Amino acid sequence: MLTLAALARRSEYALHPPADHDRTGDDTVVVDRAALLTRADWPGDAFAGTLLVCEPDSIGPDRAATVLRRLADQRAAGLVVADAEGRALPPGLVAAARRAALPVLRSTEPVAVWRHTLIPRVTEQRLLSADRHAVRLGRLLDHLAPGPRPAPAELIAWLSGELGADIRLDDARARHAPAPVPAGDAALSHPVAVTGQILTARRSLPWSASESELLRRTAAVLAPPPPPPPSPLVPAGEGRAAQLATSLRAARLAAFQALMTGHIEPAQRILGPLAPGLLDTDDAQIAIIDCASGPRDEVFARVESRLDDDGNGLAVRCPAFEGHIIVVAPRPDPDAHEAPALARLRSLVADNGLLTLGISPVMPVEDIGSGYSMAYDAIATARISPTRAATATGTPGLLEALHPGTAQQWATALLSPVLGRRGCDQHMSTVGLGLEFEVSAASRILGIHRNTLSRRVRGMLQVTGLDPDRTLDRIALSLALQIHALHGPAPRPAADAVPRLAGLLAQEPVTTWASTALAPLRQDHTDRRTTGGETLLRTLRAWAALDFRVDAAAQQTGLYPATVRSHIRAAEGQLDWMLLSALPTGHLATDEDAPRKQSGLRNLAVALQTTPGSPPLRLPDPVHAAADPSRP
């Protein structure tokens, strides 16, 4: 990670902290990006991890305390006052920064140099720092590969070279005192569990948080592996009932994750002893109960009680979103309108008043993964429904507007490198969910490692001729997978007979859908505080054309990044699509990724491509890449 101290040590930034307010030496202030601060940004709310740069007269003495306290509350990384004349910082500003515990520095480089050179360089260094840390951790993981554990001397020699430090493994029980630290040197020590030893590193430069983490993880690698815990399947003593309940929950979750990955028979075998015949049906529905901030365990107990009454539902605590309960509700009667378990869930939600219930349409059991995604989308509708419950439509509006035969031919042509491979249907269902949600959330839901899912997603993007690092390319693959899941494969047409994606999206039903979808932005608003729809549309078009990068859209439109974000969030409320925001589901604190859904971005990209405007937008079409001028 990139820290404020690391930037202060680099001469090109010409950073100088006040002598009595230096918070840059501890190397704990992480810098995610840098941006200019103007008066228009003061009400902003997107400064977390940002190093803000301003001119000396941007913050007057009467506003210093208020502005710096707000920046500190929003977890800004620090404030740089850029002054080419090298004047000292105003005492009032330094005092306000001290009270707010916000790092403040002056730079003798002018604002113009920061705008055009140094701010982009901060972004580059942030990415380089993250890449280097990832490479280091990857190399450390190599030492944990199956086989003999690495010799301590080999691991310490590698770590010394990586950190440029003198590293030793000392006996913590030795009676003699450790060697004194030379003047000007910094030392870090981490105990090595069980062995009674301490891994000590010394060097002249300060330590960053990522380097300290690398040392701590190396100490963990040097420690012997802990003994395996006792099996919960053989419980004993007073905790027997609790351990048995934990084992049953784990078995149900394993069955659910097998369903999500298309492994129907393994799921039936897992549930056989627990709920005989539960999955002996062809059709099912997925329901998601959003507990909001309520006690999920209490709600889960009530859900299980109601399902036990009819014995026709599998309930699990969502492994990705801590406020969600997922229910797989089989429909044994093909003539029934919906699964019988859903009536009891609707009653539970209606009685509570705080819960919401999103329900998928009836789906084949093999396509439970698609049902989950649709039930998740239905939660937003359920929140504004009088019954607090909503069922997703059988097909989303965009897929319904596409011509079935033409769309099927295009999707089959794009997916042709994948179709026909062993297990391709299961592989495509997992990749589809990995594209629909952030990979970390999807991997928890599917029960596979996030790195495994990430490799599958990137691999399918690459083999189909798409760029894994471009959001528009990921949207194109996601659209193809959704079409394939809805219509199945088409007969392999001749290469010259494959329709173009641009032509597919230019057909009248799609253009009508797009015009209707974007219509709320073109409606007149009587509230003058609301930004005009045409302004929002211009911001959305620039944002999408620049692959959904807020900073790039801000530069092109001449707006501030905070203004671009406010425009996008305002459009979310009018379009009813999730673009930047996410449903407040209480994402697990151990997960660093936001649970953003891609369905909103996919709808927006298609709607903007089918309506004229500037800059133009075009989804990539690798089937006809040679004739596509939008691709590099």
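Residues numbered from 1 in each chain as written. Predicted model: local features only at pLDDT ≥ 70, side-chain atom pairs only at ≥ 80, totals over all residues. Heavy atoms only, no water.

A. Molecular detail of the overall build of the protein chain. Broken down by element type, the protein chain carries 23 helices and 14 strands. Buried positions account for 47% of the 632 residues belonging to the protein chain. Across the protein chain, the fraction of contacts at a sequence separation of at least 24, relative to all contacts at a separation of at least 6, is 69%. In the form shown here, the protein chain has an accessible surface area of approximately 30,200 Å², with 53% of it arising from carbon and sulfur atoms. (Helix = DSSP H or I, 4+ residues; strand = E, 2+ residues; numbered from the N terminus. Buried < 20%, exposed > 50% of the residue type's maximum accessible area, 1.4 Å probe, protein only. Contact = heavy atoms within 4.5 Å. Areas by Shrake-Rupley, 256 points an atom, 1.4 Å probe, with all protein chains shown as cover.)

B. Geometry of helix α14 (residues 424-436). An ideal rise of 1.5 Å per residue puts 18 Å on 13 residues; α14 measures up with 18 Å between its terminal C-alpha atoms. For α14, the full list of buried residues reads C424, M428, T430, V431, L433, G434, L435 and E436. (Expected span 1.5 Å × (residues − 1).)

C. Structural view of the pairing of strand β12 (residues 356-359). With burial as the criterion, each face of β12 is covered, one bearing T356 and G358 and the other bearing L357 and I359. For strand β9 (residues 283-290) and β12, the ladder comprises four bridges, and the chain directions are antiparallel. Residue pairing across strands places D290 opposite T356, the latter belonging to β12. When β12 meets strand β14 (residues 389-391), the two strands line up parallel, connected through three bridges. (Pairing = 2+ DSSP bridges.)

D. Representation of unusual backbone geometry within the structure. P615 follows S614 through a cis peptide bond whose omega is 0°. Residue placement: P615 occurs in the segment after α23 (599-610). At R388, a residue that is not glycine, the phi angle is positive and equals roughly 60°. Within the secondary structure, R388 is located in the loop between α11 (368-383) and β14. By relative accessible area, which is 22% here, R388 ends up partly exposed.

E. Structural view of the packing of aromatic side chains. The tally for this structure, following the rule as stated, stands at four aromatic pairs. The interplanar angle of 50° and the centroid separation of 5.6 Å between the aromatic rings of F321 and Y376 together place this pair among those described as tilted. Separated by 55 residues along the polypeptide, F321 in the loop between β10 (314-317) and β11 (324-330) and Y376 in helix α11 bring together distant segments of the chain. Their ring planes at 45° and their centres at 6.5 Å tell us that Y372 and Y376 sit as a pair that is tilted. A residue pair is termed a helical-turn pair when its members lie 3 or 4 positions apart in one helix, as Y372 and Y376 do in helix α11 at four residues. Owing to a relative accessible area of 0%, Y372 belongs among the buried residues under this scheme. The structure contains a cluster of three or more aromatic residues connected by ring pairs, namely F321, Y372 and Y376. Positioned above the aromatic ring of F300, the side-chain terminus of R317 is 4.1 Å from the ring centre. (Phe/Tyr/Trp six-rings, centres within 6.5 Å; stacked < 30°, edge-to-face > 60°. Lys NZ or Arg CZ within 6 Å of the ring centre and 35° of its normal.)

F. Molecular detail of the sheet that holds strand β1 (residues 15-16). As summarised here, the arrangement of the five strands in space is β1-β5-β4-β3-β2, forming an open sheet in which the pairing is mixed. Only two strands of the sheet have a single partner each, and these edge strands are β1 and β2 (33-36).

G. The arrangement of the side chain of S443 in detail. Assignment of secondary structure puts S443 in helix α15 (residues 439-446). Apart from residues lying up to four places away in sequence, S443 is in contact with I448, H449, R450 and L453.

H. Examining the environment of A100 more closely. Positionally, A100 belongs in helix α3 (residues 91-100). Once the C-alpha coordinates of A100 and A72 are considered, the two residues, 28 residues apart in sequence, prove to be 6.2 Å apart. Not counting chain neighbours up to four residues away, the residues in contact with A100 comprise L68, R69 and A72.

I. Broad picture of the confidence of the model for the protein chain. For the protein chain, per-residue confidence averages 77 on the pLDDT scale, and residues scoring 70 or more make up 77% of the total. Scored below 50 in pLDDT, residues 232-238 makes six contacts in the model with residues more than four places away or belonging to other chains. Residue range residues 525-530 is modelled with pLDDT below 50. Its contacts to residues more than four positions away, or to other chains, number four contacts. (pLDDT = per-residue confidence, 0-100.)

J. Up close: the nonpolar core. Counting 95 residues, the largest nonpolar core has Y372, L402 and W543 as its most contacted members. When residues of this core are assigned to their parent elements, the largest contribution, eight residues, is made by helix α17 (residues 471-487). Beyond its immediate sequence surroundings of up to four residues, W543 is in contact with F548, R549, V550, A553, I568, L579, L580, L601 and L604. (Core = buried A, V, L, I, M, F, W, Y, C linked by side-chain atoms within 4.5 Å.)

K. Structural context of the pattern of salt bridges. According to the stated counting rule, one finds 12 salt bridges in the structure shown. The closest approach of N and O atoms between D551 and R33, which form a salt bridge, is 3.8 Å. Taken as a pair, D551 in helix α21 (residues 550-557) and R33 in strand β2 lie far apart in primary sequence, 518 residues in all. Judged by its relative accessible area of 35%, D551 falls in the partly exposed class. (Salt bridge = Lys/Arg side-chain N within 4 Å of Asp/Glu carboxyl O.)

L. Fine view of helix α5 (residues 152-163). With 12 residues, α5 extends 16 Å between its outermost C-alpha atoms, agreeing within 8% with the 16 Å of an ideal straight helix rising 1.5 Å per residue. Of all the residues in α5, the buried ones are L155, I156, W158, L159, S160, E162 and L163. Downstream of α5 by a residue or two, G164 has a phi angle that is positive, lying close to 60°.

M. The packing of helix α16 (residues 450-463) against α17, seen in detail. Relative orientation of the contacting elements α16 and α17 amounts to 90°, with a least axis distance of 11 Å. Judged on the interaxial angle alone, α17 and α16 are roughly perpendicular. Residue-level inspection shows V457, M460 and L461 of α16 in contact with α17, the latter providing D473, R474, L477 and L481. Here the residues of the contact of α16 with α17 are counted per class, giving five nonpolar, no polar and two charged. (Axes fitted to C-alpha atoms, helices over the stretch in contact; angles between N-to-C directions. Parallel < 35°, antiparallel > 145°, perpendicular 65-115°, else oblique. Nonpolar A, V, L, I, M, F, W, Y, C, P; charged D, E, K, R; others polar.)

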